[in-house]
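Okay, here's what each chain looks like letter by letter:
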Amino acid sequence: MASWCVRAVRQSYSVLASPAAPVRLLCTATQQNNGPGSEEEAEKTEQSPAEKVLTEEKVQLEEQLKEMTEKYKRALADTENLRTRSQRMVEDAKLYGIQGFCKDLLEVADILEKAMESVPKEEVTSQNPHLKNLYDGLVMTEVQIQKVFTKHGLLKLNPGGQKFDPYEHEALFHAPIEGKEPGTVAVVTKVGYKLHGRTLRPALVGVAKAS
């Protein structure tokens, strides 16, 4: 019995005297205090090479997506601008497609107006029926042609007494004219025309100036 007690004491002493025992106890206590979460966080902070490659590819794809989105938006804007321009061109073609034809008709209207002006008004009486009928026919033709012009957006410009407008009038001369305010149209030698608000032919005028 005494020998068994001696062996037990020696074994206990050897365990306590071992230098590795306190270290193992300390590591065990540290792991218990820190818990399993610390190991998981350490694993998360360190990425594997495959994860790094995937992260780089993700960044590149996000940049490509952003670039493609910007290009798509620019393409949409360019398409919308092209559609608007095309629509405007079609509308202008509808409005001003007859511009050349109208210019040719203006010469006919000018000749008709000159013919009316050349008829002496004092001779247009019932005593001269042939001349009267001819003059009445000219007047009716003039009225009808102006109706056709108005129907298609062609309006006459007869700016006598109006302020000179370089966008609608073409000045042939400037002269001091009594009774006329400087800068106004004093004489109209040839009427002008506008097609849907656009000057087709400016009126040829003489402009009054200060003496």
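- Where an unreviewed UniProt entry is consulted, the chain appears under the name GrpE protein homolog, with the organism given as Xiphophorus couchianus.
- Check the Subcellular location (unreviewed entry) section of the UniProt entry for the chain; it says "Mitochondrion matrix".
- As its UniProt record puts it under Subunit (unreviewed entry), the chain is described as follows: "Probable component of the PAM complex at least composed of a mitochondrial HSP70 protein, GRPEL1 or GRPEL2, TIMM44, TIMM16/PAM16 and TIMM14/DNAJC19. Binds to HSP70, HSC70 and HSJ1B."

**Considering the packing of helix H5 (residues 99-118) against helix H6 (residues 129-151)**
- The contact between H5 and H6 brings their axes to 10 Å, and the two run at 150°. Classified by the angle between their axes, H5 and H6 sit roughly antiparallel to one another. For the pair H5 and H6, the crossing hand works out as left-handed. Residues Leu 105, Leu 106, Ala 109, Leu 112, Ala 115 and Met 116 of H5 form the contact with H6, whose own contacting residues are Tyr 135, Leu 138, Val 139, Thr 141, Glu 142, Ile 145 and Phe 149.

**A closer look at the sheet that holds strand E1 (residues 154-157)**
- Pairing is antiparallel in the open sheet, where three strands are placed in the order E1-E4-E5. Because the sheet does not close on itself, it has two edges, and the strands there are E1 and strand E5 (198-201). Averaged over all pairs of adjacent strands, the angle between strand axes in this sheet comes to 35°, irrespective of strand direction.
- Judged from the four bridges that link them, E1 and strand E4 (residues 192-195) form a sheet pairing that is antiparallel. Paired with Leu 155 across the two strands is Lys 194, which belongs to E4.
- The sheet strands contacting H5 are E1, E4 and E5, and the helix crosses E5 at an angle near 50°.

**A short note on the environment of Ala 171**
- Along the chain, Ala 171 falls in strand E2 (residues 169-175).
- Sequence-wise, Ala 171 and Leu 204 are 33 residues apart; in three dimensions their C-alpha atoms are separated by 6.1 Å.
- In contact with Ala 171, other than residues within four places in its own chain, are Phe 164, Val 205 and Val 207.

**A short note on the side chain of His 169**
- Along the chain, His 169 turns up in strand E2.
- Setting aside residues no more than four positions away along its own chain, His 169 makes contact with Pro 159, Gln 162, Lys 163, Phe 164, Val 185, Pro 202, Ala 203 and Val 205.

**Concerning the pairing of strand E6 (residues 203-208)**
- The buried fraction of E6 is high, at five of six residues.
- Note: strand E3 (residues 185-190) against E6, four bridges, orientation antiparallel. By the bridge assignment, Val 188 is partnered in E6 with Val 205.

What counts, and where the lines are drawn
Residues take numbers from 1 onward in each chain, read along the sequence in its written order. Since the coordinates come from a predicted model, pLDDT governs what is reported: local features require at least 70, and pairs of side-chain atoms require 80 or more to be given and counted, while whole-chain, interface and lining totals use all residues. Only hydrogens and water are set aside; all other atoms, that is, all heavy atoms of the structure, feed into the side-chain values. UniProt positions are given in the numbering used here, feature names are shortened, and annotations may be inferred rather than shown by experiment. Axes here refer to lines fitted to C-alpha atoms; in helices the fit is confined to the stretch in contact. Angles between the N-to-C directions go from 0 to 180 degrees. Only runs of H or I of at least four residues qualify as helices and only runs of E of at least two qualify as strands under DSSP, and these elements are numbered from the N terminus. Should an angle fall under 35 degrees it is called roughly parallel, over 145 degrees roughly antiparallel, and 65 to 115 degrees roughly perpendicular, with every other angle called oblique. Should the near helix be turned counterclockwise from the far one by less than a right angle, the crossing is left-handed, whereas a clockwise turn marks it as right-handed. Residues count as neighbours in contact if any of their non-hydrogen atoms are within 4.5 Å of one another. We call two strands paired when DSSP finds no fewer than two bridges between them. Each residue is assigned to one of three classes by its accessible area relative to the maximum for its type, calculated with a 1.4 Å probe on protein chains only: buried under 20%, partly exposed between the two thresholds, exposed over 50%.

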